Amino acid sequence: MRLSAPIPLLLLPALLLACGDKDDDTGGGDVGCTTEARVSVLVTVESEGGLLPEDLAVTWSTPDSDLNPCEPWPASPEFACGFEQAGPITVTATGRYHRTASQTVTVQADACHVQTQALTLILEPVDCTDVEIPAVTLSVLAADGSLVPEAVGYFVPSDEDWDSPGVCEDGLDGFMSCASELVGDLDVWVQAPGFQTWTEQIQVLHDGCHPVTEHRDVALVPG
C-alpha cells in the first residue's frame, strides 16, 4: 500500500476543479468558490496477483461514521470515496481470497473545497487451497418433488470441442457436482428415462483461486 501525492489540479476531471480566483473586478477580495462537490479520496485498487476479485468492495469511514460505499470512478479501477468530507478518512478494499487492504489519510480543506487525496490500495492474494471446487451443483428432482434415481448430469465447455461430455458426480438426495475447477460458459444438461431433458448454458466466474460455484434446482418434467 502506498499513498501518492495529492492530484495536480490540472489533471483532475471537471468535478475536481479548484476554487475560483479572488474577484479582482469588485476590488473586495471575495473568494468566488465553484459549486461542484469535490472528491475527498480518489482510490486506485490493484492486486499483486494481477487479477482483481469479482466481488471487490471499497468502502470509507470516519471516526464518527459507519462504513460508506465508494463510488466507481470513470477511470476504473478507481473509486471516489466521500465528497467534501474533511478530516481523517479510512478507506478499505476487500475481495474473496485476498487480504483486506486499508489506509487512513487526512483530507485538508481550503476556503472552498476539500483537497482531494490520491490513494492506492494493493490487495494481496492469499494462498489458494488444493481443494477442487465444482463449477456447477445441481439438485435434481421430479416436478412432484420425488427423487429420480436414474438421472444423469452432463457438461461441456460451450466454446470447446470435446469428444464426449463430462459426467456430474452423484451425491445424496439428487445432488450433483459438475465440472470441477472449470470456468467460463458451460453447457449443462440432465437426462433420465421417461423425463424431458433439462439443459442450460451457465456462466461460471473465477474468484482468483477457484470457480464461483453456480447452483441450480432442476425439476424434471415427465415426457
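Everything discussed here concerns the structure shown above.
If you're wondering where the values come from, they're calculated on a predicted model, not measured in any experiment.

The rules behind the values
Every chain begins its residue count from 1, and numbering advances along the sequence as written. Thresholds applied to this predicted model are a pLDDT of at least 70 for local features of residues and 80 or more for the giving and counting of side-chain atom pairs; totals over whole chains, interfaces and linings are not thresholded and use all residues. To get the side-chain values, all heavy atoms of the structure are used, and hydrogens and water are removed first. Comment: elements are numbered from the N terminus, with helices defined as DSSP H or I runs of at least four residues and strands as E runs of at least two. Classification of residues uses two cut-offs on accessible area relative to the type maximum, computed with a 1.4 Å probe and protein chains only: under 20% is buried, over 50% is exposed, and between them is partly exposed. Note on definitions: a residue-residue contact is assigned when non-hydrogen atoms from the two residues lie within 4.5 Å. To be clear on the numbers: accessible area is Shrake-Rupley with a 1.4 Å probe, and residue cover counts the displayed protein chains and nothing else. Only one rule defines a salt bridge in this text: a Lys or Arg side-chain nitrogen within 4 Å of an Asp or Glu carboxyl oxygen. Any two strands between which DSSP finds at least two bridges are classified as paired. Only centres within 6.5 Å qualify two rings of Phe, Tyr or Trp (six-membered ring in Trp) as a pair; their planes then separate them into stacked at under 30 degrees, edge-to-face at over 60, and tilted for everything else. By convention in this document, the label disulfide applies to cysteine sulfur atom pairs within 2.5 Å.

(A) Structural context of the overall build of the protein. When helices and strands are tallied, the protein shows zero helices and 18 strands. Every one of the 223 residues in the protein was classed for burial, and the buried ones make up 35%. When contacts within the protein are restricted to residue pairs at least 6 apart in sequence, long-range pairs at least 24 apart make up 63% of them. Accessible area of the protein: about 12600 Å², with a carbon and sulfur share of 50%.

(B) Summary view of the pattern of salt bridges. Applying the stated criterion across every chain yields a total of three salt bridges. A salt bridge links Glu-200 to Arg-216; its shortest N-O distance comes to 3.0 Å. Note that Glu-200 is positioned in strand E17 (residues 198–204) and Arg-216 in strand E18 (residues 214–220), a separation of 16 residues in sequence. A salt bridge links Arg-216 to Glu-214; its shortest N-O distance comes to 3.2 Å. Salt bridges sharing partners connect three or more residues here, namely Glu-200, Glu-214 and Arg-216.

(C) Main features of the sheet that holds strand E7 (residues 87–94). Reading across the sheet, the four strands line up as E4-E3-E7-E9 and stay open at both edges, with antiparallel pairing between neighbours. Looking at which strands have only one partner, the edges of the open sheet turn out to be strand E4 (68–69) and strand E9 (101–107). Pairing between strand E3 (residues 57–61) and E7: five bridges, direction antiparallel. Bridge pairing in E7 links Ser-61 to Thr-90.

(D) The arrangement of the packing of aromatic side chains in detail. Within the structure shown, the criterion is met by two aromatic pairs. Measuring from centroid to centroid gives 5.7 Å for Tyr-154 and Trp-189, while their planes differ by 25 degrees, and the two rings are stacked. Pair noted here: Tyr-154 is in strand E12 (residues 152–157) and Trp-189 is in strand E16 (residues 184–191), with a separation of 35 residues, a long-range link. With relative accessibility at 18%, the residue Trp-189 sits in the buried group. Arranged with centres 6.1 Å apart and planes meeting at 65 degrees, the rings of Phe-155 and Trp-162 form a pair that is edge-to-face. Among the residues examined, Phe-155 registers a relative accessible area of 9% and is labelled buried.

(E) Layout of the sheet that holds strand E11 (residues 134–142). As summarised here, the arrangement of the four strands in space is E14-E15-E11-E18, forming an open sheet in which the pairing is mixed. Looking at strand neighbours, the two that pair on one side only are strand E14 (169–170) and E18, the edges of this open sheet. Where E14 and strand E15 (residues 175–180) come together, two bridges link them in antiparallel fashion. Following the sheet pairing, Asp-170 is matched in E15 by Met-176.

(F) Here's a closer look at the state of the cysteines. This model, assessed by the stated rule, comprises four disulfides. Across the disulfide, Cys-33 is cross-linked to Cys-112 (sulfur-sulfur distance 2.0 Å). Residues Cys-33 and Cys-112 share a disulfide whose torsion about the S-S bond is about -75 degrees; that sign makes it left-handed. One end of the pair, Cys-33, is in the loop between strand E1 (2–3) and strand E2 (39–47); the other, Cys-112, is in the loop between E9 and strand E10 (117–125), and 79 residues separate them in sequence. Each disulfide pairs two cysteine sulfurs, and for Cys-128 the partner residue is Cys-209, the sulfurs being separated by 1.9 Å. Taking the sign of the S-S torsion, about -75 degrees here, the bridge from Cys-128 to Cys-209 comes out left-handed. Here Cys-128 is found in the loop between E10 and E11, whereas its partner Cys-209 is found in the loop between E17 and E18, with 81 residues between them in sequence. What makes Cys-209 buried here is its relative accessible area of 11%. Along the protein, the cysteines engaged in disulfide bonds are linked according to the scheme 1-4, 2-3, 5-8, 6-7 when indexed in sequence order.

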